[in-house]
Amino acid sequence: MTVTTRKPRPAAVLLTPNAEARVAKLMSEAPEGAIGVKLSTPRRGCSGLAYSVDYIDAANPLDEKIETPGGLFFIDSASVLYLIGSTMDWVEDDFTAGFVFNNPNAKGTCGCGESFTV
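Note that residues are indexed from 1 along each chain, following the sequence as it is written. Reporting in this predicted model follows two pLDDT cut-offs: at least 70 for local features of residues, and 80 or more for side-chain atom pairs to be given and counted; totals over whole chains, interfaces and linings ignore these cut-offs and use all residues. Excluded from the side-chain calculations are hydrogens and water; all other atoms, namely the structure's heavy atoms, are used.

The name recorded for the chain in an unreviewed UniProt entry is Iron-sulfur cluster assembly accessory protein, from Novosphingobium humi. Database annotation for the chain, UniProt heading Sequence similarities (unreviewed entry): "Belongs to the HesB/IscA family." UniProt positions are given in the numbering used here, feature names are shortened, and annotations may be inferred rather than shown by experiment.

Colleague: Would you mind going over the pattern of salt bridges in detail, with residue names and values included?
Modeller: Just to be clear on terms, a salt bridge is a Lys or Arg side-chain nitrogen sitting within 4 Å of an Asp or Glu carboxyl oxygen. Within the structure shown, the criterion is met by 3 salt bridges. One salt bridge in this structure joins Glu 29 and Lys 25, with 2.5 Å as the shortest N-O distance.

Colleague: Summarise the packing of aromatic side chains; cite the residues concerned and give the values.
Modeller: Working definition: a ring pair exists when centres of Phe, Tyr or Trp rings (six-membered ring for Trp) sit within 6.5 Å. Plane angles under 30 degrees give stacked, over 60 give edge-to-face, the rest tilted. One pass over the structure, following the stated rule, counts 2 aromatic pairs. Plain terms: the ring middles of Tyr 51 and Phe 101 are 3.9 Å apart, the flat faces sit at 10° to each other, and that makes the pair stacked. With Tyr 51 in the loop between strand S3 (49-50) and strand S4 (52-56) and Phe 101 in strand S8 (residues 97-102), the pair connects residues that are 50 residues apart, well separated along the chain. By relative accessible area, Phe 101 is classed as buried at 18%. Ring geometry for Trp 90 against Phe 99: centres 4.9 Å apart, planes inclined by 75°, an arrangement best described as edge-to-face. Note that Arg 22 overlies the ring of Trp 90, its terminal NZ or CZ placed 4.2 Å from the centroid. Put simply, DSSP marks the helices as runs of H or I at least four residues long and the strands as runs of E at least two long, and each gets a number from the N terminus on. Exposure categories follow from relative accessible area, calculated using a 1.4 Å probe and restricted to protein chains: below 20% of the type maximum is buried, above 50% is exposed, and the middle band is partly exposed. Distance and angle both matter: a charge sits over a ring if NZ of Lys or CZ of Arg is within 6 Å of the ring centre and within 35 degrees of the ring normal.

The following block contains the structure:
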C-alpha cells in the first residue's frame with residue numbers, strides 16, 4: 001500500500017510581523033464571542049473590489065484559516081483567488097494607521113487607493 005503525503009501549501013496571504021501584532025491587539029480587544037478576524041474582498045469602490053477586515057463569531061469551513069501568535073485569521077473563501085500571493089502589513093504614521101496590501105493580482109486601483117480590480 002502506498003501512502004501519499006502532501007506538502008503543506010503556503011497560506012494565500014502572508015501576514016507581516018506588524019500585521020500579526022495588530023491581529024493580536026484586535027483579538028485582545030475583541031467583542032465577546034469573536035473567534036477571529038476575517039479578510040474579505042466585497043464589491044465596492046470605484047475599481048470594483050475592496051479589502052475588508054472584520055471580527056467573526058463563527059468559522060466557515062470553506063474559509064482559509066491561518067493561526068497567528070495572537071489569534072485566528074480567516075480569509076473568505078470567495079476572496080482567496082483575488083488574494084493569492086498577497087502580503088498584508090500594518091502601517092502607522094503620524095496621520096494614518098491601517099492595513100496595507102501588496103497584491104500581485106491587482107491590475108489597478110482607484111485614485112484614493114480604497115479599491116482594486118483584478
